[in-house]
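# Commentary on secondary and tertiary structure
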Amino acid sequence: MTRIHSHLMAAAVMAAFTGSAVASDDRKSSITGTIPRTSAPVQPGDKEWSGESGGSGHPQMTAAAIRAAAAHFPQCIEQLWPLAARRGISRASFNAHAAPLTPDLRIMDFVDSQPEFTRSFWDYLDILVTDARIAKGREMMEKHSAIFEAVERTYGVDRYVVAAIWGVETNYGDIRGDRPVIRSTATLACVGRRQNYFRDEFLSALEILHRGDVKPDRLVGSWAGAFGPTQFMPSAFKRDAIDFDRDGRRDLVDSVADVMGSTANKLKRGGWNAGETWGYEVVVPATFDFLLAERGRTLTIREWEQYGLKRAGGQAFPRPDDRAYLMVPAGVQGPGFLMLPNFRAIMRYNPSEAYALAIGHLADRLRGGDAFVQEWPRYERVLSRAERLELQQLLARHGFDVGEPDGRFGARTRSAIRDFQARIGQVPDGFASAVVLDRLRAR
Ligand code: CA
């Protein structure tokens, strides 16, 4: 799965969770009447490439390598012609859509950008699940109720989750990128450190144009090539796009029916179980063994209840035999969540727990559900990138396995933090607090 995030709204606020890099200035307002042509050179007013090497230190991200690749760009595109032909793309289409392209080197400034500060789960939820977004979502679902009804009936995917993806990705279509997808993916296929991944995206985008599913002036999106109200990548389009309104085109930009049908289809193919929810907020007792809170450890709800977990708000769990894993994103100080298989289906849409939790929660709120019951530890300071790196380096120095320190926290770092917490007699909840960093520094 790509680390380069395809999702505009979500990506811009969640960069921290995936280590992805989407610069805030790539978030453009809604599409106006002036849409750049497919082969347009750098637009007047568009910022140019900084001319600097990327921060990753990758040999293909040095300024000299970027310049050399850009000089070779027309040949690079031409070398992709046999692959395009194998996909049934005509030479006429290739000449029209691919041959005239120039690289959009501004994108190279985004590929390696690393957010210095990251957001907590609670900030992320606060930004994405707002009263305004709930109200607008209900309005949009009402307006398109026949489509949501048909989509739910056809795919068995909860309509509120489909609507939540629409809301989180682009605020129901309001916020999209304005970069031509064919040009962005061509640039990334020929310049920089992600060429292998983006070659397929470029060829898939070419297929979309060749087949006429989306018109060139409408196939615009984020710098990483995601487009439309629910931010499909071209390769995801190839796998999951549906002509739900049966007009002969799979229009994942301007047909609400095609967009919602395809989004539901993608969730269904990601393993969505009809008639089930994504998970439950739970109260975790302070004496709980937090080592059990692992994504790989699924138990039945009934078994979790035997460990003392209760549903927040006091209701009974409707299906005690369902299997779930426990997630405690803020450790012992915050709410717990029991995650059902549908949570993983949402994560296949976008592999971030914070993203999936925002989708699940917005869906519940659209349905008329309540806000989470338990407080988040809002007094906790979120560690900066430098501090995260330092925390990993200190853990490694003390013999805990964090892999290669990179400032990104995954399951390995969380597990190392737990081991350290256990050693110093703290509740081993894996939460990277400023206190943990201080205790490491003091050793
Ligand atoms: Ca259609």
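Higher on the page you've got the structure.
This text gives an overview of the structure that appears in the document. Remember, it's a predicted structure, so these values are computed and weren't measured experimentally. (Residues numbered from 1 in each chain as written. Predicted model: local features only at pLDDT ≥ 70, side-chain atom pairs only at ≥ 80, totals over all residues. Heavy atoms only, no water.)

### Looking at the state of the cysteines
- Using the criterion set out here, one finds one disulfide in the structure.
- Disulfide pairing places Cys76 opposite Cys190 at an S-S distance of 1.9 Å. Across the S-S bond linking Cys76 and Cys190, the dihedral sits near -85°, which makes this disulfide left-handed. Of this pair, Cys76 sits in helix α3 (residues 73-79) while Cys190 sits in helix α11 (residues 181-190), placing them 114 residues apart in sequence. Across the pair, Cys190 and Cys76 agree in class, each one buried. (Disulfide = S-S within 2.5 Å. Helix = DSSP H or I, 4+ residues; strand = E, 2+ residues; numbered from the N terminus. Buried < 20%, exposed > 50% of the residue type's maximum accessible area, 1.4 Å probe, protein only.)

### Thoughts on the side chain of Thr263
- With respect to the helices and strands, the residue Thr263 is situated in helix α14 (residues 256-269).
- According to the relative accessible area criterion, Thr263 is buried, its value standing at 0%.
- Within the local environment of Thr263, its side chain forms a polar contact with the side chain of Thr230, the two groups lying 2.9 Å apart.
- In this structure, Thr263 is in contact with Val162, Ile165, Thr230, Phe232 and Tyr349, ignoring residues within four places of it in sequence. (Polar contact = N/O pair within 3.5 Å; in protein donor to acceptor, adjacent residues only side chain to side chain. Contact = heavy atoms within 4.5 Å.)

### Re the environment of Phe343
- Checked against the element boundaries, Phe343 lands in helix α16 (residues 341-349).
- Relative accessible area serves as the criterion here: at 0%, Phe343 is assigned to the buried category.
- Residues Phe343 and Ile359 lie 16 residues apart in sequence; the distance between their C-alpha atoms is 9.3 Å.
- Those residues in contact with Phe343 that lie beyond four places of it in its chain are Trp278, Tyr325, Met327, Glu353, Ala356 and Leu357.

### Considerations on the coordination of the calcium ion
- For the calcium ion, the protein coordination sphere consists of Asp243 (OD), Asp245 (OD), Asp247 (OD), Arg249 (O), Asp258 (OD) and Asp258 (OD), at 2.2 to 3.0 Å.
- In primary sequence terms, the donor set of the calcium ion follows D-x1-D-x1-D-x1-R-x8-D.
- Among the residues examined, Asp243 registers a relative accessible area of 23% and is labelled partly exposed.
- Its relative accessible area of 46% is what places Asp247 among the partly exposed residues. (Donors = N, O, S within 2.8 Å, 3.2 Å for Na, K, Ca; no water.)

### A look at helix α2 (residues 63-71)
- Within α2 the residues assigned to the buried category are Ala63, Ile66, Ala69 and Ala70. Mapping the buried residues of α2 onto a view down its axis gives an arc of 130°, with all of them on the same face. Residues of α2 that are exposed and angled more than 90 degrees away from the buried face: Ala64 and Ala71. (Arc of directions from axis to C-beta.)

### A word on unusual backbone geometry
- A positive phi is found at Tyr172, a non-glycine position, where the angle reads about 60°.
- For Tyr172, a relative accessible area of 4% corresponds to the buried category.
- In this structure, Arg246 is a non-glycine residue whose phi angle is positive, near 50°.
- In this structure, Arg246 sits in the loop between α13 (234-240) and α14.
- Accessibility expressed as a relative area gives 75% for Arg246, which makes it exposed.

### Considerations on the side chain of Arg159
- Secondary-structure assignment places Arg159 in helix α10 (residues 159-170).
- Judged by its relative accessible area of 18%, Arg159 is buried.
- Excluding its chain neighbours within four sequence positions, the residues that come into contact with Arg159 are Met141, Phe148, Glu149 and Glu152.

### Some thoughts on the packing of aromatic side chains
- Counted under the stated rule, the structure contains 21 aromatic pairs.
- Aromatic ring contacts, followed pair by pair, group Phe121, Trp122, Phe337, Phe372, Trp376 and Phe431 into a single cluster.
- It is Arg91 that lies over the ring of Trp81; its NZ or CZ is 4.8 Å from the centre.
- For the cation-ring pair, Arg194 lies above Tyr197, with the distance from its terminal atom to the ring centre recorded as 5.0 Å. (Phe/Tyr/Trp six-rings, centres within 6.5 Å; stacked < 30°, edge-to-face > 60°. Lys NZ or Arg CZ within 6 Å of the ring centre and 35° of its normal.)

### With respect to the packing of helix α9 (residues 145-155) against α14
- Remark: α9 packs on α14, axes separated minimally by 10 Å, with the N-to-C direction vectors making an angle of 30°. Overall, the two elements α9 and α14 adopt an arrangement that is roughly parallel. Read as a crossing pair, α9 and α14 show a hand that is right-handed. Where α9 approaches α14, its residues Ile147, Phe148, Val151 and Tyr155 are matched on the opposing element by Val256, Ala257, Met260, Gly261, Ala264, Asn265 and Lys268. (Axes fitted to C-alpha atoms, helices over the stretch in contact; angles between N-to-C directions. Parallel < 35°, antiparallel > 145°, perpendicular 65-115°, else oblique. Left-handed = near helix turned anticlockwise from the far one by under 90°.)

### Some details on the nonpolar core
- Among the nonpolar cores identified, the biggest contains 99 residues, and Met108, Phe202, Leu267, Phe343, Ile346 and Leu357 are the most heavily contacted of them.
- Per-element accounting of this core gives the leading share, nine residues, to helix α17 (residues 353-366).
- Residue-level mapping places this core at the junction of two domains, with at least three residues from each of domain 1 (1-272) and domain 2 (279-366).
- Not counting the four nearest positions on each side in its chain, Phe202 is found in contact with Ile77, Leu80, Ala98, Leu101, Ile182, Thr185, Ala186 and Ala189.
- Counting 17 residues, the second largest nonpolar core, distinct from the first, contains Tyr280, Val282, Ala293 and Leu338. (Core = buried A, V, L, I, M, F, W, Y, C linked by side-chain atoms within 4.5 Å. Domains from an automatic or database assignment.)

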